[in-house]
Structures are given as structure tokens and as C-alpha cells.
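Listed here are the chains, written in short residue letters.
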Amino acid sequence: MTHRSTIVTRIHTRSGIVGEAYAGDEDAGLREINEIIHREIAPAILGKDAFATERLWELARPATWDILRDRRLGLVACASVDTAVWDAVGRALNIPLHRLWGGYRTAVPVITIGGYYSGDADIHAEVTAVAEAGYAGMKFKVGGLTPAEDADRVRQARKAGGDDFALAVDANQGWSPAEAIRFAQLVSDCDLLWFEEPCHWHNDRRGMRDVRLAGATPVCAGQSEFSAGGCRDLFESGSVDYCNFDASWSGGPTEWRRVAGMAAAYDVRMAHHEEPQIAAHLLASVSHGTYLENFHPQRDPIWHNLVANRPPLQDGHIRLPERPGLGWELDHDYIERYRIEWAPGSGDR
């Protein structure tokens, strides 16, 4: 990755409360998302009741219907607004969102993401550094080599982390079902937390079901789904044990909470693809929430720099803020330093 970017969205209410949130977009698309928010969503919701979160989500939804542009652009635009609306609601009620949404816990365990392929990679050193930094575990890259070669790398990671280190793996849809099953069998004694997106995308629900049944390793997916309906199909087909639906990529916390409700009915546990600024509240709010993911500061400098009151790791967990709404204090000097501003329809500013 060469870039990391985000949209900071503010909702101003007549009562003076301002909802503020950022939603993720890893590289391109900022101009288009900004245009969608200002031209399509804002005119539809301005003047409406901010407490009517379901209605506001519905009014924003047509931004996702344009089949001539990347669907994800409209979804991130909707998520930007939906998250800011929820922040305003939490502020109005003087309650943090993790409590408003269910309040199951006040702290969540954190894993970081790594194990990427590099000619000079030292797996033992990387995993040891993660453990020493206080993380509860790590999500480790696989799927780019043969199952046997990646199984060897995972064994090295398990040895370095120890038995109490939560170790998940992510193939990023890299293998055929047969290859993924072979890998799962090779690491069956490594006590993996989950095996994420093991199979090529074109028939992955059926493939993941087979991996889950034959490989005896829990399977995780959901980040590539655009909607609650897509996650429903994962559950119906028996494809996953964990669902890592992404609120910032897929329409906002309103949609994530629908998925979480369905997941509970299917005994599927909830994770979240990255985006710790919103994922922490969502995962803490429900009984079947699991691990929070974040990247190294070089991979996601926004989370590590934009959030001025980012909580420290304590015994592998972060404690949720008790301030109302999202509770994050954004560093406005950081925003001004890296800000790119467009006025809708007028070109660059």
C-alpha cells in the first residue's frame, strides 16, 4: 500500500450537537465519495429527525443504486453519514455507542495484522514483537504459496507466539477448495482462531462450506459482502463460523447490527474487517463479538494518529471510551496537515 485515506463527516443539528465520524477507504475514491455525500445523501436527509436512524439509512440507500459506478463508493458514503448520525444520537443521549447498542462489555481483545511475504521476513521476530507490544494475537497472511509452504510459516508463527497467542490466518481468497482443505489439515494442531476467506471468489460460499467441514478449522468471511443479505447467504449455506462484515465498507453500523442479529440466530460469531474506530463499539456491544483488528502504524497511520485519545493496550485489550457517541477525540491539527478538500462539482481545492 502506498496510500491510506479516510472521509471525516460531520452532521450538524439544530440543537447544536455535531456528530463526527470517519469511515474507511484505503486508497482511491475520496472525490467520488465526497460528491455522493454532498450531492445525493445530504439533500435527502437534511431537516429530518436525527433519532430516526433507520429512516435516515433508508433515505441514503439510493446512493448505492447507480450500476454505472463502483458499488463500494456509495456504500462508504452511506457509512460515513450513518456513523456520524449515530455519533450525534449518542451525544444527544449522553451515552457511548457501545452501551447504546447493547453494552455487553467495556473492553475488547485486539489482534494486529501481518505475516506478509517478504524476501527478508523474519517470522519469529515479527510475531515476538507483536506479543511483546501487548497484542492478544495476530492475523497472519497465507494463500500466496503452496499449502505446505504456508503451513510451515504458520507453524513458525505459532511457535513464536506460544499457546496463549491468538493466531488467525487470512488467504485473501487465494486457494481452491482442495488446496484450502489441504492447508487446514496440515495446521489442524496449530489451534487457529480462524481461517479467513480461504477460497477463490467465484464459488466461495460452497468452497468455504467444504473447507469448514473437511478442514476442522473455523472459517471466517464477510468483508467482501456488500449487504446484510450477502451475509445471510453465508450463514444459510453453512459457510462460516465467524463473520467479519465491515461497517465502513458496507453502509454503516445500522447494517452491521442487522448482520449481527442474524449471526446470533445461526450461532456465528461476529468479527469486523479492520476499521477499529467503529468496530470497537460494535464488537463490544454484542455477546458474540470477538477480536478487534488493527494494523501497524505504517499500514494505518490514520487510526494511530487521528484519534488523539486512542486507548493503550492493557492485557491485550483496549477499553472503550465512556464519552458520549463514539467518544473519539480527533486530532484537528492532523486533519489540517493531511486534508484534501473538494467543493462538490467545482474541481480541486
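Being a predicted model, the structure only gives us computed values, none of them experimental.

A. Fine view of helix α9 (residues 228-236). Residues of α9 that are buried include every one of Ala228, Gly230, Cys231, Leu234 and Phe235, and no others. All buried residues of α9 lie within an arc of 160° about the axis, which places them on one face of the element. Summarising the contacts, the buried residues of α9 are in contact with α8 (204-215), β7 (219-221), β8 (242-243) and α10 (253-265). Backbone geometry just downstream of α9 places Gly238 in the positive-phi region, at approximately 65°.

B. Looking closely at helix α6 (residues 147-161). Its 15 residues place the ends of α6 21 Å apart at the C-alpha level, agreeing with the 21 Å of an ideal helix rising 1.5 Å per residue. Along α6, the residues classified as buried are Pro147, Asp150, Ala151, Arg153, Val154, Ala157, Arg158 and Ala160. Next to the buried residues of α6 lie α5 (123-132), β4 (137-141), β5 (166-170) and α7 (177-186). The first or second residue beyond α6 is Gly162, which carries a positive phi of 90°.

C. Spotlight on the UniProt feature "domain: Mandelate racemase/muconate lactonizing enzyme C-terminal" (unreviewed entry) in the chain. According to UniProt, the positions carrying the feature "domain: Mandelate racemase/muconate lactonizing enzyme C-terminal" (unreviewed entry) are residues 120-218. Annotated as residues 120-218, this span is 47% helix and 12% strand, and its ends, taken at the C-alpha atoms, are 30 Å apart.

D. Representation of the side chain of Arg61. Within the secondary structure layout, Arg61 lies in the loop between α2 (53-60) and α3 (71-93). Buried and unpaired, Arg61 has Glu255 as its nearest opposite-charge partner, separated by 4.2 Å.

E. Representation of the nonpolar core. Counting residues in hydrophobic clusters, the biggest one holds 90 residues, and the most contacted among them are Val154, Phe183 and Phe195. Here the element with the most residues in this core is α3; it accounts for nine residues. One finds Ile111, Ala166, Ala168 and Tyr242 within the second-largest nonpolar core, a separate group that totals eight residues.

F. Structural view of unusual backbone geometry. Positive phi is not limited to glycine here, since Glu197 has a value of about 40°. With respect to the helices, strands and loops of the structure, Glu197 is situated in the loop between β6 (195-196) and α8. Of note, the phi angle at Ala216 is positive, near 60°, even though the residue is not glycine. Within the secondary structure layout, Ala216 lies in the loop between α8 and β7. Classification of Ala216 by relative accessible area gives exposed; the value is 66%.

G. Representation of the packing of aromatic side chains within the structure. The full count for this structure, using the stated rule, is eight aromatic pairs. An angle of 40° between the planes, with centres 5.7 Å apart, marks the rings of Phe235 and Tyr266 as tilted. Here Tyr266 lies in the loop between α10 and β9 (269-270) and Phe235 lies in helix α9, a separation of 31 residues in the sequence. Through successive ring pairs, a cluster of aromatic residues spans Trp175, Phe183 and Phe195. Over the ring of Trp57 we find Arg258, and its NZ or CZ is 4.1 Å from the ring centre. Just above the ring of Phe295 sits the side chain of Arg299; from NZ or CZ to the centre is 4.2 Å.

H. Examining the packing of α3 against α10 more closely. At their nearest, the axes of α3 and α10 sit 8 Å apart, and the two run at 85° to each other. As the angle between them shows, α3 and α10 are arranged roughly perpendicular. Where α3 approaches α10, its residues Asp82, Thr83 and Trp86 are matched on the opposing element by Pro253, Thr254 and Arg257. Of the residues belonging to the contact of α3 with α10, the class tally is two nonpolar, two polar and two charged.

I. Region of the structure containing the state of the cysteines. Inspection of the entire model under this criterion finds zero disulfides. Cys243 provides the cysteine sulfur closest to Cys231, a residue in no disulfide bond, and the two sulfurs are 3.8 Å apart. Looking at Cys243, the relative accessible area reads 0%, which means it is buried.

Conventions we followed
- Residues numbered from 1 in each chain as written.
- Predicted model: local features only at pLDDT ≥ 70, side-chain atom pairs only at ≥ 80, totals over all residues.
- Heavy atoms only, no water.
- Buried < 20%, exposed > 50% of the residue type's maximum accessible area, 1.4 Å probe, protein only.
- Helix = DSSP H or I, 4+ residues; strand = E, 2+ residues; numbered from the N terminus.
- Arc of directions from axis to C-beta.
- Contact = heavy atoms within 4.5 Å.
- Expected span 1.5 Å × (residues − 1).
- UniProt positions renumbered as here; feature names shortened; annotations may be inferred.
- Lys, Arg positive; Asp, Glu negative; His and termini not counted.
- Salt bridge = Lys/Arg side-chain N within 4 Å of Asp/Glu carboxyl O.
- Core = buried A, V, L, I, M, F, W, Y, C linked by side-chain atoms within 4.5 Å.
- Phe/Tyr/Trp six-rings, centres within 6.5 Å; stacked < 30°, edge-to-face > 60°.
- Lys NZ or Arg CZ within 6 Å of the ring centre and 35° of its normal.
- Axes fitted to C-alpha atoms, helices over the stretch in contact; angles between N-to-C directions.
- Parallel < 35°, antiparallel > 145°, perpendicular 65-115°, else oblique.
- Nonpolar A, V, L, I, M, F, W, Y, C, P; charged D, E, K, R; others polar.
- Disulfide = S-S within 2.5 Å.

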